[in-house]
Amino acid sequence: MADIQAVGLNAASPWHVAAVIAMPAFRLDVRFGDGTSGVIDMSALVNSDSAGVFASLREPSVFEAVRVESGAVTWPGEVDLAPDALYAAIKAKGSCVLSAEEVMQ
């Protein structure tokens, strides 16, 4: 059977997520395909009144169910983060803080 990948999520892309680990306080340790790594702080997003689909991540067991799927950070219920934007922020600053305003644009 052929290996099928989503359009634009090429394993050779530097922003292809290779690994993700849930950490306390709604943070993620992320490593990309090119070895770049950093921390994503999702606390402001998850706890926002306008968190939208990300409100489901307030439940620790749901947040900890994070995984890599097709090169992106995902959770059950079709919740995901754009890997290219995360990569750019981490490459520039070593970390990324997400807010509802940034994610919902």
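See the structure shown above.
What you are looking at is a predicted structure, and each value in this text was computed from that prediction instead of being measured. (Residues numbered from 1 in each chain as written. Predicted model: local features only at pLDDT ≥ 70, side-chain atom pairs only at ≥ 80, totals over all residues. Heavy atoms only, no water.)

### Looking at the pattern of salt bridges
One pass over the structure, following the stated rule, counts 1 salt bridge. Residue Arg67 pairs with Glu69 through a salt bridge whose shortest N-O separation is 3.2 Å. On the basis of relative accessibility, which here comes to 32%, the residue Arg67 falls in the partly exposed class. Owing to a relative accessible area of 40%, Glu69 belongs among the partly exposed residues under this scheme. (Salt bridge = Lys/Arg side-chain N within 4 Å of Asp/Glu carboxyl O. Buried < 20%, exposed > 50% of the residue type's maximum accessible area, 1.4 Å probe, protein only.)

### Overview of the sheet that holds strand S7 (residues 95-97)
Strand order in the open sheet formed by 4 strands is S1-S2-S3-S7, and the pairing between neighbours is mixed. Where the open sheet ends on each side, the last strands, each with one partner, are strand S1 (17-23) and S7. Neighbour to neighbour, the strand axes of the sheet diverge by 20° on average, direction disregarded. Inspection of the sheet shows strand S2 (residues 27-32) paired to strand S3 (residues 37-41) by 5 bridges, in the antiparallel sense. Counterpart to Leu28 in the pairing with S3 is Ile40. Each of S1, S2, S3 and S7 touches helix H3 (residues 83-93); the most contacted strand, S7, lies at about 120° to it. (Pairing = 2+ DSSP bridges. Helix = DSSP H or I, 4+ residues; strand = E, 2+ residues; numbered from the N terminus. Axes fitted to C-alpha atoms, helices over the stretch in contact; angles between N-to-C directions. Contact = heavy atoms within 4.5 Å.)

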